[in-house]
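The residues making up each chain are set out below.
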Amino acid sequence: FPSHDIKEAISTCWTDFQGWSKGEYLWLFTAPAIICATSLIMGGGWIEFICSFTSIVGAILVAKGKISSYIWGFVGTALYLYISLDYKLCGEVITYAILFLPMQVSGYYYWIKNKKSNSTDVIMKRMSTKVCWMVAIGTVVAIVLYALLLRLLEGSFPGLDAGTAILSILATTLMVMRFAEQWFVWFLVNTVAIALWISAVLHHETQGFAVLAMWITFWLNSVNGMYQWNKGSKV
């Protein structure tokens, strides 16, 4: 990593929070507060809390089209990988280790090369209707095949696990490529993930609540992202 890029990456971790509206600042503090309260009340561990906190802050920054989202996301992704391994969520472990962690690095540089002039905001774009249908059909096929593989590996909740993993791959790819359609996919990802972690919490009783709260706030943030990117991609 060139020293210039490292300095720029560090500086964006706080400069990207400047100039937001009051409503956006309210959401920035409310979402992590929900996770913090859940972790304290339900007795979640520090790893789950830090993972949830950094991940939701990163997701909020993605909704704003801020490049530093990948720095926060790298920390959250690494910790989520560790947590998924502990819960034996095979699909999550495989996809986060092979794809999502490396993509936090490549995505940062791809966004850097496609940012607006004199800004750390990325240039947003949209897909054609034909491409949307092709992607949708391919995604359904991939989920079915991956679920069969996870069943052979005797993973926990193979259907939900496969759905979350494949949709997350698609959403992350669309995010790196700067497509606004990523937010509809994130909406689906978060819905499936909530069901997955409700099941995980029921099997582990007092653990996993911070991660569940994280996915619920992700779900709310996906609605915010739809609005922000729909507006930004039309500029």
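Residues numbered from 1 in each chain as written. Predicted model: local features only at pLDDT ≥ 70, side-chain atom pairs only at ≥ 80, totals over all residues. Heavy atoms only, no water.

Describing the nonpolar core
- Grouped together as the largest cluster of nonpolar side chains are 57 residues, with contacts concentrated most on Ile56, Tyr80, Trp111, Trp197, Met214 and Trp215.
- Sorting elements by how many residues they give to this core places helix H8 (residues 182–204) first, with 10 residues.
- Within the second largest apolar cluster, 6 residues are counted, among which are Leu150, Ala162, Ala165 and Ile166. (Core = buried A, V, L, I, M, F, W, Y, C linked by side-chain atoms within 4.5 Å. Buried < 20%, exposed > 50% of the residue type's maximum accessible area, 1.4 Å probe, protein only. Helix = DSSP H or I, 4+ residues; strand = E, 2+ residues; numbered from the N terminus.)

Here we look at the packing of helix H3 (residues 46–63) against helix H4 (residues 69–86)
- Between H3 and H4, the shortest axis-to-axis distance is 8 Å and the interhelical angle comes to 145°. H3 and H4 meet at a crossing whose hand is left-handed. Contacts between H3 and H4 involve Ile47, Glu48, Ile50, Cys51, Phe53, Thr54, Ser55, Val57, Gly58, Leu61 and Val62 from the former and Ser69, Trp72, Val75, Gly76, Thr77, Leu79, Tyr80, Tyr82 and Ile83 from the latter.
- The residue inventory of the contact of H3 with H4, partitioned by class, reads 13 nonpolar, 6 polar and 1 charged. (Axes fitted to C-alpha atoms, helices over the stretch in contact; angles between N-to-C directions. Left-handed = near helix turned anticlockwise from the far one by under 90°. Contact = heavy atoms within 4.5 Å. Nonpolar A, V, L, I, M, F, W, Y, C, P; charged D, E, K, R; others polar.)

Thoughts on the packing of aromatic side chains
- Applying the stated criterion to the full structure yields 14 aromatic pairs.
- With a centroid separation of 5.1 Å and an interplanar angle of 90°, the aromatic rings of Tyr70 and Trp111 are classed as edge-to-face. One end of the pair, Tyr70, is in helix H4; the other, Trp111, is in helix H5 (residues 90–112), with 41 residues separating them in the sequence.
- For the pair Tyr108 and Tyr109, a centre-to-centre distance of 5.5 Å together with 90° between the ring planes defines the contact as edge-to-face. (Phe/Tyr/Trp six-rings, centres within 6.5 Å; stacked < 30°, edge-to-face > 60°.)

Some words on the pattern of salt bridges
- Applying the stated criterion to the full structure yields 3 salt bridges.
- Residue Glu24 pairs with Lys64 through a salt bridge whose shortest N-O separation is 3.1 Å. With a gap of 40 residues between them, Glu24 in helix H2 (residues 22–42) and Lys64 in the loop between H3 and H4 connect regions that are remote in the sequence. Here the two residues Glu24 and Lys64 agree in accessibility, since each one is buried.
- Of the charged contacts in the structure, one is a salt bridge between Arg126 and Glu181, with a shortest N-O distance of 3.8 Å. With Arg126 in the loop between H5 and helix H6 (129–152) and Glu181 in the loop between helix H7 (158–176) and H8, this residue pair connects regions lying 55 residues apart in the sequence. (Salt bridge = Lys/Arg side-chain N within 4 Å of Asp/Glu carboxyl O.)

Some remarks on the confidence of the model for the protein
- Mean pLDDT over the protein stands at 83; residues scoring 70 or higher make up 90%.
- Per-residue pLDDT, averaged within each element of the protein, yields its smallest value for helix H1 (residues 3–15) (67) and its largest for H6 (91). (pLDDT = per-residue confidence, 0-100.)

With respect to the side chain of Asn190
- Inspection of the secondary structure puts Asn190 in helix H8.
- Only 3.0 Å separates the side chain of Asn190 from the backbone oxygen of Phe218, close enough to count as a polar contact.
- Residues within four places of Asn190 in sequence aside, it is in contact with Trp215, Phe218, Trp219 and Ser222. (Polar contact = N/O pair within 3.5 Å; in protein donor to acceptor, adjacent residues only side chain to side chain.)

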